[in-house]
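Per-entry structural report
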Amino acid sequence: MHIVEANGARIPAIGFGTMTLKEQVGIDMTAAALHAGYRHLDTAQMYGNEREVGEGMRASGVKREEVFLTTKVWHNRLAAGDLERSVDESLERLKLPQVDLLLIHWPNAAIPLKDTLGALAKVKRAGLTKHIGVANFTVALIEEAVRLADEPLVTNQIEVHPFIDRSKVLAACRRHGISVTAYCPIARGKVPGNPVIERIAKAHGKSAGQVALRWLVQQGVIPIPRTAKAARLQENLAVFDFALSPAEMSEIGRLARPDGRVVNPPHAPKWDD
Ligand SMILES: NC(=O)c1ccc[n+]([C@@H]2O[C@H](COP(=O)([O-])OP(=O)(O)OC[C@H]3O[C@@H](n4cnc5c(N)ncnc54)[C@H](OP(=O)(O)O)[C@@H]3O)[C@@H](O)[C@H]2O)c1
């Protein structure tokens, strides 16, 4: 598995997203992803499937230390004290003493970021997570977080795919050695059928989904595609045996449009990039 290094963390270059995968499907798909070769799993307190992800990890037989596991704290649990309780609850559901990466799931302007980052640093020092990071942070929030954090931030997990331009936030993260993890890397299924991506895919003998994932990994971005179909697990991993030309990379980059965003909940901060 290829690795992305960021502020002391070694993160497998592609991960398995588990949102919506619950109950037996959650357990089975987690175990199947590990059998297929994934070594990076993404869950969250809010997904309601930490129990299933933990069980799938144990069912797979893959050693705990071989798997990079991320979970997240929801935006209503970010106050000091509450964050620590949220992490204890997550670990209890996962039946694990530690995760590899703990993220702020969404920023919350009503809770001082300094307090949240202090609580994250505290749980890291207590050994409950190896690394800390953020998700859905804008350029301004990344700059503020870097200024306030006592422990290094290793990733900003944000929406990245060919239909939105994230160049400014990508540049801000790179400036600080923070990796970018891409959620919705295949735009929740909107990538297949795009004529430009389909044409490039055909030229490489690959699927449209694989081209979108390759476009990300070739920029050093870490995609975490989700699938509930076992056959697609291998497909989404097989993106390291071909390369897109500079012209193909730019052509895909030009597909970005102002309304290309897939996830935009009411608690999302206003993008400044
Ligand atoms: N931090 C955050 O705020 C945040 C927000 C959203 C998501 N996430 C994380 O990011 C992960 C991925 O994002 P996502 O699940 O929203 O979107 P996604 O991975 O872009 O899209 C998943 C959808 O694409 C389909 N799909 C998967 N592989 C495919 C392929 N090769 N070709 C065609 N279609 C394919 C899947 O259908 P099938 O199941 O039928 O294959 C599923 O409907 C989540 O699971 C979650 O872990 C984080």
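Residues numbered from 1 in each chain as written. Predicted model: local features only at pLDDT ≥ 70, side-chain atom pairs only at ≥ 80, totals over all residues. Heavy atoms only, no water.

**Some remarks on the site of the ligand**
In the vicinity of the ligand, 28 residues are found, and the nearest of them are Arg 188, Arg 226, Thr 227, Lys 229 and Arg 232. Within the backbone of Thr 18, one N or O atom sits 3.4 Å away from an oxygen atom of the ligand. With respect to the ligand, the backbone of Ile 186 contributes an N or O atom lying 3.0 Å from an oxygen atom. Residue contributions to the shell around the ligand peak at three residues, all from helix 9 (residues 230–237). A class-by-class count of the residues in the shell around the ligand yields 13 nonpolar, eight polar and seven charged. (Near = heavy atom within 4 Å. Polar contact = N/O pair within 3.5 Å; in protein donor to acceptor, adjacent residues only side chain to side chain. Helix = DSSP H or I, 4+ residues; strand = E, 2+ residues; numbered from the N terminus. Nonpolar A, V, L, I, M, F, W, Y, C, P; charged D, E, K, R; others polar.)

**Points about helix 2 (residues 50–60)**
When helix 2 is considered as a whole, its buried residues turn out to be Glu 50, Glu 52, Val 53, Gly 54, Gly 56, Met 57 and Ser 60. Structurally, helix 2 contributes buried residues whose contacts are with helix 1 (23–36), strand 4 (40–42), strand 5 (68–73) and helix 3 (82–94). Following helix 2 by one or two positions, Gly 61 adopts a phi angle in the positive range, close to 80°. (Buried < 20%, exposed > 50% of the residue type's maximum accessible area, 1.4 Å probe, protein only. Contact = heavy atoms within 4.5 Å.)

**So, the side chain of Thr 129**
With respect to the helices and strands, the residue Thr 129 is situated in strand 7 (residues 129–135). A distance of 3.3 Å separates the side chain of Thr 129 from the backbone nitrogen of Leu 102, its partner in a polar contact. A polar atom in the side chain of Thr 129 sits 2.8 Å from the backbone oxygen of His 131. Leaving out residues up to four positions away in the same chain, Thr 129 has contacts with Gln 98, Val 99, Asp 100, Leu 101, Leu 102, Val 123 and Lys 124.

**A look at the sheet that holds strand 5**
Taking strand neighbours across the sheet as the criterion, the eight strands line up as 3-4-5-6-7-8-9-10 in an open arrangement whose pairing is parallel. Each end of this open sheet is capped by a strand with a single partner; those strands are strand 3 (16–17) and strand 10 (222–223). Direction of pairing for strand 6 (residues 99–104) relative to strand 7: parallel, over a ladder of five bridges. Looking across to strand 7, one finds that Leu 103 is bridged to Gly 133. Lying on the sheet, helix 3 is in contact with strand 5 and strand 6; it crosses strand 5 at an angle near 135°. (Pairing = 2+ DSSP bridges. Axes fitted to C-alpha atoms, helices over the stretch in contact; angles between N-to-C directions.)

**Some remarks on the pairing of strand 2 (residues 9–12)**
Pairing of strand 1 (residues 3–6) with strand 2 involves four bridges; the strand directions are antiparallel. Across the sheet, Ala 6 pairs through a bridge with Ala 9, a residue of strand 2. Between strand 1 and strand 2, which follow one another and run antiparallel, lie two residues, and Asn 7 among them has a positive phi close to 45°.

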